[in-house]
Amino acid sequence: MKRLHPDLVDVATRRTPGAINRQVVLNLLRAGQPTSRADLARRLGMQRAAVGRIVNDLIEKGLVREGAAGETSRGRKPTLLHLDSRGRCGVAVDVRATRTFLMITDLVGKPLSAVRTMATEREPREFVAGLARETRQLLADHPQAGRCHAVGIAFPGMLDRTGSVVVQAPALGWRDVALKAPLVAALGLPVVMENAAKACALAQIWDARGHAAPPGDFVFVTVSDGVGVGIVLGGEVLRGRHNVAGEFGHLPLNVEGPRCACGATGCWEAYVSNLATVARCAGQPLRPGQAPSSELAAMTVGDVIARARGGDVRAATALNSTAHYLGLGLASIVNTFDPARIFIGGEITAAWDLIEAHVRRGLAERALAATAADTPIVVVAAEEQPRLRGAAALVGAQVFVAEDVA
Ligand SMILES: [Zn+2]
């Protein structure tokens, strides 16, 4: 699951050409299914017969199925090919500071159940037991979803290179927690964990395959309890030596600034997280690690947005400040990577019509090149559940992109 390249034509050559071809066909199908053997041959620049052999092999392996005949202007109607995820599913899990969300999806990420939620236990052993219990119940409630292939977890924190150990999760107060092994033991299922923003970025690469144009370099920013950034350069998620690259959320905006959940002061996250927005609206200081006041605990970013829409000046000012700081941080990202676009997800995007101008102003203030200040910002609405989609992509990638597919 190390590579998830939009084209996958130039995947690592350690594998046999046959394995690479099978993977390329799978990924072309994922991008534009249903499609025909003739179309695949044309797009791959290969002989029909050769493509036919690869497709037959994939059908035998249960990864591809034939569907209805397609339309054509002349001659015999071609049989259309689909990725076959029938009878198999995955569980997508989005872990947040206070609540965890679960959903069953098929192997290409289509929801097969409603979202189930549970409280996020702060003690790792209890978290594992709770998640195993909820996952089992969710699967038991949906037997028609089929055999569960794996559980994909979008996690709010940094993971080691193997995706097994939580290096640091400020939102949960965890450091060096070996999470995957006990989860696998408790679930009896394969588990794929990924930093939430990196998972969102992976899902976005996946989605972009459906478009004619390649996605180019892009960044996915998720603003929730914390701020996560997934960076995609040359079709791959930037990981760095220890898999902790992209922690822009903890870039200092002002070292004299408010205390951040990571322990430092003045991080970007401490200015734009949901709690920062709510605290600003309530006129209270941020106190990470301490129980919030009853007023803060009862208020969400959705409430702040609703108040702002209702004409509450304090709420509108709080939102605008968050938006401005958001733009300043995005400027650092633009100055560093100059991406083709920035995707942004999180509760605050529900107020995009109110705050976009403020975000843009912050970005323009600090973007070093005027042209870079125009970087397109694409909102991924909360209804699209980007983090669950990211978690689902982790499972799908195991099947359709993993090196052991072929
Ligand atoms: Zn921080």
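See above for the structure.
Residues numbered from 1 in each chain as written. Predicted model: local features only at pLDDT ≥ 70, side-chain atom pairs only at ≥ 80, totals over all residues. Heavy atoms only, no water.

S.K.: What should I look at first to understand unusual backbone geometry in this one?
M.R.: Peptide bonds are, in most cases, trans, and in most cases residues other than glycine have a negative phi. Positive phi values are uncommon outside glycine, yet Asp-176 reaches one of about 50°. You can see Asp-176 is positioned in strand 10 (residues 174-178). Assessed through its relative accessible area of 60%, Asp-176 is described here as exposed. The residue Asn-243 is not glycine, and still its phi comes out positive at about 70°. As for its placement among the helices and strands, Asn-243 is situated in the loop between strand 14 (236-237) and helix 7 (269-272). (Helix = DSSP H or I, 4+ residues; strand = E, 2+ residues; numbered from the N terminus. Buried < 20%, exposed > 50% of the residue type's maximum accessible area, 1.4 Å probe, protein only.)

S.K.: Where do I start with the sheet that holds strand 14 in this structure?
M.R.: Strand-to-strand pairing in sheets goes through backbone hydrogen bonds, with the strands running parallel or antiparallel. Taken together, 5 strands build an open sheet; the order of strands is 14-13-12-15-16 and the sheet is mixed. In this open sheet, the two strands that pair with only one neighbour each are strand 14 and strand 16 (377-380). As defined by bridge partners, strand 15 (residues 341-346) adjoins strand 16 across 4 bridges and the pair is classed as parallel. Looking at the pairing, Phe-343 lines up with Val-378 of strand 16. Each of strand 15 and strand 16 is contacted by helix 12 (residues 352-366), which is oriented at about 145° to strand 16, the strand it contacts most. (Pairing = 2+ DSSP bridges. Contact = heavy atoms within 4.5 Å. Axes fitted to C-alpha atoms, helices over the stretch in contact; angles between N-to-C directions.)

Everything listed is a geometric property; what it means functionally is a separate question.
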